[in-house]
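# Observations on chain architecture
These are the residues of each chain, in order.
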Amino acid sequence: MKEFAYRRATDVDEALRLAAAGGDTRFLGGGTNLVDLMKNGVEAPERLIDVRFLPLGGISETSGGGMLLGATTTNSDIAAHPDIRRRYPALSQAILAGASGQLRNMATAAGNLLQRTRCGYFADPSEPCNRRAPGSGCGALAGEHHNHAILDWSPSCVATHPSDMAVALAAFDAHVRYQTMEGAGALPLSRFYLPVGDSPHEETALPGHALITGIALPSVTPTLRSRYRKVRERASYAFATVSVAAALEVLEGRILDVRIALGGVASQPWRARVAEDMVRDAAADAELFRAAADAELSAARPLRDNAYKVTLARNLITTVLTELAASERL
Ligand SMILES: Cc1cc2nc3c(=O)[nH]c(=O)nc-3n(C[C@H](O)[C@H](O)[C@H](O)COP(=O)(O)OP(=O)(O)OC[C@H]3O[C@@H](n4cnc5c(N)ncnc54)[C@H](O)[C@@H]3O)c2cc1C
Ligand code: SF4
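Description of the structure in this document. Bear in mind that the values here come from a model prediction, so they are computed numbers and not experimental data. (Residues numbered from 1 in each chain as written. Chains lettered and ligands numbered in written order. Predicted model: local features only at pLDDT ≥ 70, side-chain atom pairs only at ≥ 80, totals over all residues. Heavy atoms only, no water.)

A few words now on the site of ligand 2. The full set close to ligand 2 counts 16 residues, and Cys119, Cys129, Cys138, Cys157 and Val158 are the nearest of them. Residue composition of the shell around ligand 2, by class: ten nonpolar, five polar and one charged. (Near = heavy atom within 4 Å. Nonpolar A, V, L, I, M, F, W, Y, C, P; charged D, E, K, R; others polar.)

We now examine the pattern of salt bridges. In the structure shown here, the tally under the stated rule is 20 salt bridges. Salt-bridge contacts for aspartate 83 lead to arginine 86; the nearest nitrogen and oxygen are separated by 2.9 Å. Of this pair, aspartate 83 and arginine 86 both sit in helix α4 (residues 82-87), three residues apart, which is roughly one turn of the helix. Since its relative accessible area comes to 22%, aspartate 83 is described here as partly exposed. Here arginine 86 falls in the exposed class, since its relative accessible area comes to 58%. The partner of arginine 314 in a salt bridge is aspartate 294, and the shortest N-O contact between them spans 2.5 Å. Taken as a pair, arginine 314 in helix α13 (residues 308-329) and aspartate 294 in helix α12 (residues 286-297) lie far apart in primary sequence, 20 residues in all. It is possible to trace a salt-bridge network through shared partners that takes in Asp173, Asp257, Arg259, Arg271, Glu276, Asp277 and Arg280. (Salt bridge = Lys/Arg side-chain N within 4 Å of Asp/Glu carboxyl O. Helix = DSSP H or I, 4+ residues; strand = E, 2+ residues; numbered from the N terminus. Buried < 20%, exposed > 50% of the residue type's maximum accessible area, 1.4 Å probe, protein only.)

This part covers the environment of alanine 19. With respect to the helices and strands, alanine 19 occurs in helix α1 (residues 12-20). Taking the C-alpha atoms as reference, alanine 19 lies 48 Å from serine 327; in sequence the two are 308 residues apart. Once residues lying within four places of it in the same chain are set aside, the contact partners of alanine 19 are Thr25, Phe27, Ile49 and His209. (Contact = heavy atoms within 4.5 Å.)

What follows is about the site of ligand 1. In the vicinity of ligand 1, 32 residues are found, and the nearest of them are Phe27, Gly31, Thr32, Thr108 and Asp164. One nitrogen or oxygen atom from the side chain of aspartate 164 is found 2.7 Å from a nitrogen atom belonging to ligand 1. Contact with the protein chains removes 93% of the 980 Å² of surface that ligand 1 exposes when unbound. At the level of elements, β2 (25-28), α2 (34-39), α7 (109-113) and β8 (211-217) are the ones that each hand at least two residues to the shell around ligand 1. (Polar contact = N/O pair within 3.5 Å; in protein donor to acceptor, adjacent residues only side chain to side chain. Areas by Shrake-Rupley, 256 points an atom, 1.4 Å probe, with all protein chains shown as cover.)

The next thing to look at is the sheet that holds strand β7 (residues 183-188). The sheet built from five strands is open, its strands ordered β4-β5-β8-β6-β7 with antiparallel pairing. Only two strands of the sheet have a single neighbouring strand rather than two, namely β4 (59-61) and β7. Adjacent strand axes in the sheet meet at a mean angle of 25°, parallel and antiparallel pairs treated alike. Pairing analysis gives four bridges linking strand β5 (residues 67-70) to β8, with the strands arranged antiparallel. Paired with methionine 67 across the strands is leucine 217, a residue of β8. (Pairing = 2+ DSSP bridges. Axes fitted to C-alpha atoms, helices over the stretch in contact; angles between N-to-C directions.)

An α-helix turns once every 3.6 residues. As a result, residues three or four positions apart point the same way. The element helix α9 (residues 164-171) is largely enclosed, with a buried count of eight among its eight residues. Those residues of α9 that sit buried are Asp164, Met165, Ala166, Val167, Ala168, Leu169, Ala170 and Ala171. After α9 finishes, the residue aspartate 173 shows a positive phi value of roughly 55°.

Scope: geometric values only; no functional claims are made or implied.
Encoded structure:
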């Protein structure tokens, strides 16, 4: 591992000043992704600014009736919080479907959003990878890509985003709050990750040296039911092959509100708006859910070895919506 300097910031201003002071600097959350990548030479910052001890932890109610997740709150604390479990169960389930208990105890909310892709070519500095080394090519496009994207990829990069938590946050229309030397800002999750395009190394719309300070969840009606389901290659310690975060509000058999987000299929959480539009205001029905999933996935462009993900995604969307509709009738 390349030598690096370490500083523990004591307040947000100090963290921002240190980050803007020049050189290749990174904020350090739980370190469960960044330090791994430094060990294998994918990341080589000159300076780490440890932000875990800033006053950015905890979970609170917002003035609008939503919830604010502090940037340094651990994944475990978010998943276990009684209000998150009660009001945003898909978020708690998504976090618990990822990594392991030990990792979730270390990993922070901000670090989870900014974790890098799990594409094997990205993790191996001897391989071509436009995301790691712009202009070097994409090893996965003609190589090993059975677990890569089926939606919205570009010839520059066919990787998926690995976060389970981000998929649930997309379904709940979360906003990411950040701070720079110029002031505070916020990005809806739908604009937080950049489309992959020709520049896969540019991953988010965050301004340079921005410190994520929190994630805001809008309020939800008490009758909105939500669920996260993840298909993966083994029962634990594996990233999503395909996952779905869905939320449904049904009144007397009619769908008032629906949110569907997919993981494991694109370079960012995929909000299934075509399917949502077909289902909203209609009568809850498994056939309709299947047709809506088909309509959404008509945009899929599977690679040579991952067409199975289209079937998987269709079945997962149909199953989760059907289960949620049935739970409304209980
Ligand atoms: C074996 C293994 C299995 C895993 N399985 C899963 C899984 O199934 N599903 C899943 O979703 N995840 C999984 N993970 C990933 C895990 O969730 C992430 O490693 C973790 O969430 C990253 O959080 P962190 O705080 O440790 O981030 P770090 O590693 O500290 O940082 C990650 C990135 O975020 C940046 N950063 C951190 N905090 C801030 C901030 N406040 N503002 C701006 N930038 C910041 C860092 O500079 C870095 O670029 C797995 C990890 C491992 C090692
Ligand atoms: S899919 Fe993306 S991350 Fe993987 S090798 Fe290609 S450019 Fe790199």
